Amino acid sequence: MRLDFFVVLVKASRGKAMDQRLFEQLQKITPEEQAYLDGASMVQKDIYTLTGSSGLSEKQNRMFEIDAQLFLQKSKLVTVRRHSRFVEFPAHKHNYIEILYVCAGTLTHLMEGKELVMRQGDLLLLNQHVEHSVKRAEFGDIGINFIALPEFFDIPFHMMKKQNIIADFLVGTLRQNNPLPQYLLFQLKSEQRIANLMENMIRSLLYEEEREEDDSINQYSMGLVFLYLLSHMDKLTQNSSQNYQDVVIQSTLKYIDAQYKTANLSRIAQDFHQSLPVLSKLIKKSTGYTFQELLMRKRFQKAVAFLVETELPVEEIAATVGYENLSYFYRQFKVRYGMTPSRYRALHKNDAQIKI
């Protein structure tokens, strides 16, 4: 296919346009990529590691480490480099934290035996212990690698304040004893606020003018990206340590179990830095029930336990499980069990097991 025709296809297929000058700069074929187009079938490892491929053992050649020193300017904490196209990128690690952002097209990673397909707008965080490879990318597949030292994340970490999955990821990058590979993949599609911040950082780092304040500006920009990600945790589709949805659901169920009388969704939303609509959708998707339905199930589970195991009046039981409106409690009890609380007590007083 003619290259100029393919450029037109790429421009037509991508979403809301990145700055045209910047996008054209990112599309340019580098000397490294030209070598691959001219027939070189292997990654030029001397670009990525100080020892070069000739200085690596057979095992190291199969899985080599990319060195930040080859890309970071002196005293800089972060830089960007476009992912090299037209070649299969073999298994490798980094001695830095990598954030990969897809500006156009797709990139396919192989990680822990799984394929992770990234599309425009997707963002992947990788710590320095992750081993992965990347399938061949073509002309229209534009991925930007943020190459960052751990110190770069000092400001973003403090901007988040509360414990959360991104903060845990950043803490994990500093772990020296028993370091664990960890990655987070956010499939964001068209989250324009994050796209704007990423574009600003890419432009700043691509056209570096050695301004002293650039690192700080980019640190605060990345902090804002993380804060926005925390409000889109339903977009976290891959997590190497634990599925985020499982964490939220487990915490929600434990909270309801312990605080069923006064439990409310706002408290969980605050703890997980989530909006109420996003959290409601996540709970419904994961359990099949809304938060209120889960809470009601727990309250009536406790109510029937009190009916069978104690002599407490029905009015007191209703108040104990969180219902001040007695007529509402009676109505809902009859809908659920087909009888009044008193009738249920009479029938199940000697039951070994309680109906939930």
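1. Remarks on the overall build of the chain
Summing up its helical and strand segments, the chain has 15 helices and 11 strands in all. Within the chain, the proportion of its 356 residues that are buried is 46%. For the chain, contacts bridging at least 24 residues in sequence account for 73% of all contacts bridging at least 6. By element, 51% of the accessible surface of the chain is carried by carbon and sulfur atoms, the whole surface being about 18400 Å².

2. Let's talk about the sheet that holds strand E3 (residues 89-94)
Sheet architecture is open: 5 strands sit in the order E1-E3-E8-E5-E6, paired in mixed fashion. Each having just a single partner strand, strand E1 (64-66) and strand E6 (114-119) make up the two edges of the open sheet. Across the sheet, the mean angle from the axis of one strand to that of its neighbour is 40°, orientation sign disregarded. Where strand E5 (residues 106-111) meets strand E8 (residues 132-134), 2 bridges bridge the pair, whose relative direction is antiparallel. The partner of His 109 across the bridge, within E8, is Val 134.

3. Considering the pattern of salt bridges
As enumerated under the stated definition, the model contains 9 salt bridges in all. Here Arg 136 and Glu 138 are joined by a salt bridge, their closest N and O atoms 2.7 Å apart. Here Glu 191 and Arg 193 are joined by a salt bridge, their closest N and O atoms 3.1 Å apart. Here the residues in one salt-bridge network are Glu 33, Arg 82 and Arg 85, joined through shared partners.

4. Side note on the packing of helix H7 (residues 192-206) against helix H8 (residues 214-230)
Interhelical geometry of H7 versus H8 gives an angle of 160° and a closest axis separation of 10 Å. Taken together, the axes of H7 and H8 are roughly antiparallel relative to one another. Taken as a pair, H7 and H8 cross one another with a handedness that is left-handed. Residues Arg 193, Ile 194, Leu 197, Met 198, Met 201, Ser 204 and Leu 205 of H7 touch H8, and the partners they reach there are Asp 214, Asn 218, Ser 221, Met 222, Leu 224, Val 225, Tyr 228 and Leu 229. Of the residues belonging to the contact of H7 with H8, the class tally is 10 nonpolar, 3 polar and 2 charged.

5. Topic: the confidence of the model for the chain
In this model, the chain carries an average pLDDT of 85, and 85% of its residues clear a pLDDT of 70 or more. Low pLDDT, under 50, characterises residues 1-15; the stretch is placed with 19 contacts to residues that sit more than four places away or in other chains.

6. Digging into the sheet that holds strand E4 (residues 97-104)
Taken in spatial order, the 6 strands of this open sheet run E2-E9-E4-E7-E10-E11, and their pairing is antiparallel. Only two strands of the sheet have a single partner each, and these edge strands are strand E2 (78-82) and strand E11 (236-239). Taken over all neighbouring pairs, the strand axes of this sheet differ in orientation by 15° on average, direction set aside. Here E4 pairs with strand E7 (residues 123-126) via 4 bridges, running antiparallel. Across the sheet, residue Tyr 101 finds its bridge partner in E7, namely Leu 123.

7. Points about the pairing of strand E10 (residues 183-186)
Along E10, one buried face is formed by Tyr 183 and Leu 185 and the opposite face, lined by Leu 184 and Phe 186, is buried too. Pairing analysis gives 4 bridges linking E7 to E10, with the strands arranged antiparallel. The partner of Leu 125 across the bridge, within E10, is Leu 184. Of the strand pairs in this sheet, E10 and E11 are connected by 3 bridges, and their pairing is antiparallel. Bridge pairing links Leu 184 to Asn 239 in E11.

About the criteria used
Residues numbered from 1 in each chain as written. Predicted model: local features only at pLDDT ≥ 70, side-chain atom pairs only at ≥ 80, totals over all residues. Heavy atoms only, no water. Helix = DSSP H or I, 4+ residues; strand = E, 2+ residues; numbered from the N terminus. Buried < 20%, exposed > 50% of the residue type's maximum accessible area, 1.4 Å probe, protein only. Contact = heavy atoms within 4.5 Å. Areas by Shrake-Rupley, 256 points an atom, 1.4 Å probe, with all protein chains shown as cover. Pairing = 2+ DSSP bridges. Axes fitted to C-alpha atoms, helices over the stretch in contact; angles between N-to-C directions. Salt bridge = Lys/Arg side-chain N within 4 Å of Asp/Glu carboxyl O. Parallel < 35°, antiparallel > 145°, perpendicular 65-115°, else oblique. Left-handed = near helix turned anticlockwise from the far one by under 90°. Nonpolar A, V, L, I, M, F, W, Y, C, P; charged D, E, K, R; others polar. pLDDT = per-residue confidence, 0-100.

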